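# Analysis of the macromolecular model
One letter stands for each residue in the lines below.
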Amino acid sequence: MKEETKLIQKILSDPLTGAISTPIYQTSTYVQDAPGIHKGFDYTRTNNPTRKILEHLITDLEYGYASLAFSSGLASIDAVLKLLKCGDEIVAVDDIYGGTFRLLKLYKKLELHSKFVDTTFSENVISVISHKTKLIWLETPTNPTLKISDIKEISKISKKKNPNILVVVDNTFASPAIQNPLNLGADIVIHSATKYLSGHSDVLAGLITVKKPDLYEKLKYIQNATGGILSPFDSWLTIRGCQTLYLRVKKQSENAFRVAYFLLEKKKKTCIDKIYYPGLSSHKNHSVAVKQQRYFGAIVSFSLKNDTIESAKKVVTSTKLFKLAESLGGTKSLICHPATMTHKSTPLEIRKNAGIQDSLIRLSFGIENVEDLIEDIDQALT
């Protein structure tokens, strides 16, 4: 089956009642036939039927061995970091999500050290790998400058240097509709399912999909021990959202593509300085995106010639259709100022080195008519 068909048909009707919609098993515990003898469920922190359906669904979408659903994207990231021990090192993309950076800073107190490099150059990764390196942490596309890292190449060269290194890819910005990191050599895929997977800005959720059984067992133990599980109702919301994933991402990516080229045409006549979108041939990682992704994604970022926070604020508060808000991936188009919003906790020097200018503006595209979106951006810039 093609991906779109497989996604819908894998969500089976309820065998007990025939309900075509997944039931919400809103229960904390389960009756057992005898001590330790049950139907696969004993306590909802450990397992829940609704959550299990979601986990099977994302496993199929990412071509993995098994998956785990968490209460947020950061909860899933935290679980992966708990695979490490004091003294281990992480090589991470420099243009990293602010929440992940904050979490890595917290783990630094526990002697878990991170090295931040521009992973768009594979040689940057290999040059800093040491005997202490246990994780390669990629986000591709990155947030918010949309750098593209070659997952296949980095997985190959890092494992050649150290076979025990785990390659982790945060696939939030792409989603399984655009790329499948496990098929490209990664060991673990992470999603903030809050974004494209749930797709309606109404749930917080995190998902981990792994390639091998031993990783699943370790992460399952961590999840059960720490309790950061996704609730039955939020699991159901995410399942519901996933069913339109391919429809939404295709439309959102088409909107982004059209607006990116509109901005390129307007660049000389307006206050625009740089435009970040992998679908533009001028993007430095365009060739990797062509090879690695099905679409170029639904995020476009751009900076202004007057590189100040004040000039950016004038633009982001002037749109009518694009709503000023954090997050992304929903049906409504959003506009965001990373320096004062999503990446506010990232130190200025690190932020600037990663290319996040004071005037950088991020657009997350919804499913509205693209002509209306272009008109809105045009008037905001004018």
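Keep in mind it's a predicted model, so treat the numbers as computed, not measured.

## Section: the overall build of the chain
- Summing up its helical and strand segments, the chain has 13 helices and twelve strands in all.
- If you line up the chain on its principal axes, its C-alpha atoms span 75 × 50 × 35 Å.
- If you take every contact in the chain between residues at least 6 apart in sequence, the share linking residues at least 24 apart comes to 72%.
- Here the chain has roughly 16,700 Å² of accessible surface; of this, 56% comes from carbon and sulfur atoms.
- Once the 50 positive and 39 negative side-chain charges of the chain are each reduced to a mean point, those two points are 2 Å apart.

## Observations concerning the packing of aromatic side chains
- Tallied over the full model, the rule gives nine aromatic pairs.
- Ring geometry for Phe257 versus Tyr277: centroids 6.4 Å apart, planes at 70°, classification edge-to-face. Note that Phe257 is positioned in helix 9 (residues 245-266) and Tyr277 in the loop between strand 8 (272-276) and helix 10 (286-292), a separation of 20 residues in sequence.
- Here the aromatic rings of Tyr277 and Phe296 are separated by 6.5 Å at their centres, their planes lie at 70°, and the arrangement is edge-to-face. Of the two residues, Tyr277 is situated in the loop between strand 8 and helix 10 and Phe296 in the loop between helix 10 and strand 9 (299-304); the sequence distance between them amounts to 19 residues.
- Of the residues examined, Tyr277 reaches a relative accessible area of 1% and is grouped as buried.

## Here's the deal with the pattern of salt bridges
- Within the structure shown, the criterion is met by 17 salt bridges.
- A salt bridge links Glu55 to Lys52; the nearest nitrogen and oxygen atoms lie 3.5 Å apart. Residue Glu55 and its partner Lys52 are located together in helix 2 (residues 49-61), separated by three residues, close to a single helical turn. With respect to burial, Glu55 and Lys52 carry one shared label: buried.
- The salt bridge involving Lys115 is made with Glu89; its shortest N-O contact spans 3.2 Å. Here Glu89 lies in strand 2 (residues 89-93) and Lys115 lies in strand 3 (residues 113-117), a separation of 26 residues in the sequence.
- Of the residues examined, Lys115 reaches a relative accessible area of 28% and is grouped as partly exposed.
- Among the charged side chains, a network of salt bridges with common partners joins Arg51, Lys52 and Glu55.

## Here's the deal with the sheet that holds strand 3
- The mixed open sheet is built from seven strands, whose spatial order is 1-7-6-5-4-2-3. Two strands close off the open sheet at either side, each with one partner strand: strand 1 (66-70) and strand 3. Direction aside, the axes of adjacent strands within the sheet are offset by 20° on average.
- Of the strand pairs in this sheet, strand 5 (residues 166-170) and strand 6 (residues 188-192) are connected by three bridges, and their pairing is parallel. When the bridges of strand 6 are listed, Val169 appears paired with Val189.
- In this fold helix 2 packs onto strand 1, strand 6 and strand 7 (206-210), with an angle of close to 130° to the strand it touches most, strand 1.
- Most of the contacts of helix 7 (residues 213-226) go to strand 1, to which it runs at about 20°, and overall it touches strand 1, strand 5, strand 6 and strand 7.

## Let's talk about the nonpolar core
- Among the nonpolar cores identified, the biggest contains 30 residues, and Leu7, Leu61, Tyr196, Leu197, Leu207 and Leu245 are the most heavily contacted of them.
- With four residues, helix 2 is the largest single contributor of residues to this core.
- Residues in contact with Leu61, not counting those within four places in the same chain, are Leu7, Pro176, Asn180, Leu245 and Tyr246.
- One finds Ala66, Leu135, Trp137 and Ile208 within the second-largest nonpolar core, a separate group that totals 29 residues.

## Focus: the sheet that holds strand 9
- Reading across from one edge, 8-9-12-11-10 is the order of the five strands in this open sheet, with mixed pairing throughout. The open sheet is flanked by strand 8 and strand 10 (323-324), the only strands paired with a single partner.
- Bridge analysis of strand 10 against strand 11 (residues 334-336) gives two bridges, and the strand direction is parallel. Residue pairing in the sheet places Lys323 in a bridge with Leu334 of strand 11.
- Contacting strand 8, strand 9 and strand 12 (361-364), helix 9 runs over the sheet at an angle of about 20° to strand 9.

## A look at the side chain of Asp94
- Within the secondary structure, Asp94 sits in the loop between strand 2 and helix 4 (98-108).
- The exposure class of Asp94 is buried, given its relative accessible area of 15%.

## Structural notes on helix 11 (residues 309-316)
- Residues Ser311, Ala312, Val315 and Val316 constitute the buried set of helix 11. Each buried residue of helix 11 sits inside an arc of 130° when the element is viewed along its axis, so together they form one side. Turned more than 90 degrees from where helix 11 packs its buried face, Glu310 and Lys314 sit exposed.
- Those residues of helix 11 that are buried lie in contact with strand 9, strand 10, strand 11, strand 12 and helix 13 (370-381).

## Quick word on the pairing of strand 9
- Among the six residues of strand 9, six are classified as buried, and the element is accordingly described as predominantly covered.
- Side chains Ile299, Ser301 and Ser303 of strand 9 all project onto a buried face; the interleaved residues Val300, Phe302 and Leu304 project onto the opposite face, where all are buried too.
- Pairing between strand 8 and strand 9: three bridges, direction antiparallel. Each residue of the ladder has a partner; that of Tyr276, found in strand 9, is Ser301.
- The pairing of strand 9 with strand 12 spans four bridges and is antiparallel.

## Side note on the packing of helix 3 (residues 73-81) against helix 4
- Relative to each other, helix 3 and helix 4 sit at 35°, their axes nearing to 11 Å. Here helix 3 and helix 4 pass one another in a crossing that is right-handed. Across the interface between the two elements, Leu74, Ile77, Asp78 and Leu81 from helix 3 touch Gly99, Thr100, Arg102, Leu103, Leu104 and Tyr107 from helix 4.
- Taken together, the residues of the contact of helix 3 with helix 4 sort by class into six nonpolar, two polar and two charged.

What counts and how
- Residues numbered from 1 in each chain as written.
- Predicted model: local features only at pLDDT ≥ 70, side-chain atom pairs only at ≥ 80, totals over all residues.
- Heavy atoms only, no water.
- Helix = DSSP H or I, 4+ residues; strand = E, 2+ residues; numbered from the N terminus.
- Contact = heavy atoms within 4.5 Å.
- Areas by Shrake-Rupley, 256 points an atom, 1.4 Å probe, with all protein chains shown as cover.
- Lys, Arg positive; Asp, Glu negative; His and termini not counted.
- Charge placed at Lys NZ, Arg CZ, Asp CG, Glu CD.
- Phe/Tyr/Trp six-rings, centres within 6.5 Å; stacked < 30°, edge-to-face > 60°.
- Buried < 20%, exposed > 50% of the residue type's maximum accessible area, 1.4 Å probe, protein only.
- Salt bridge = Lys/Arg side-chain N within 4 Å of Asp/Glu carboxyl O.
- Pairing = 2+ DSSP bridges.
- Axes fitted to C-alpha atoms, helices over the stretch in contact; angles between N-to-C directions.
- Core = buried A, V, L, I, M, F, W, Y, C linked by side-chain atoms within 4.5 Å.
- Arc of directions from axis to C-beta.
- Left-handed = near helix turned anticlockwise from the far one by under 90°.
- Nonpolar A, V, L, I, M, F, W, Y, C, P; charged D, E, K, R; others polar.

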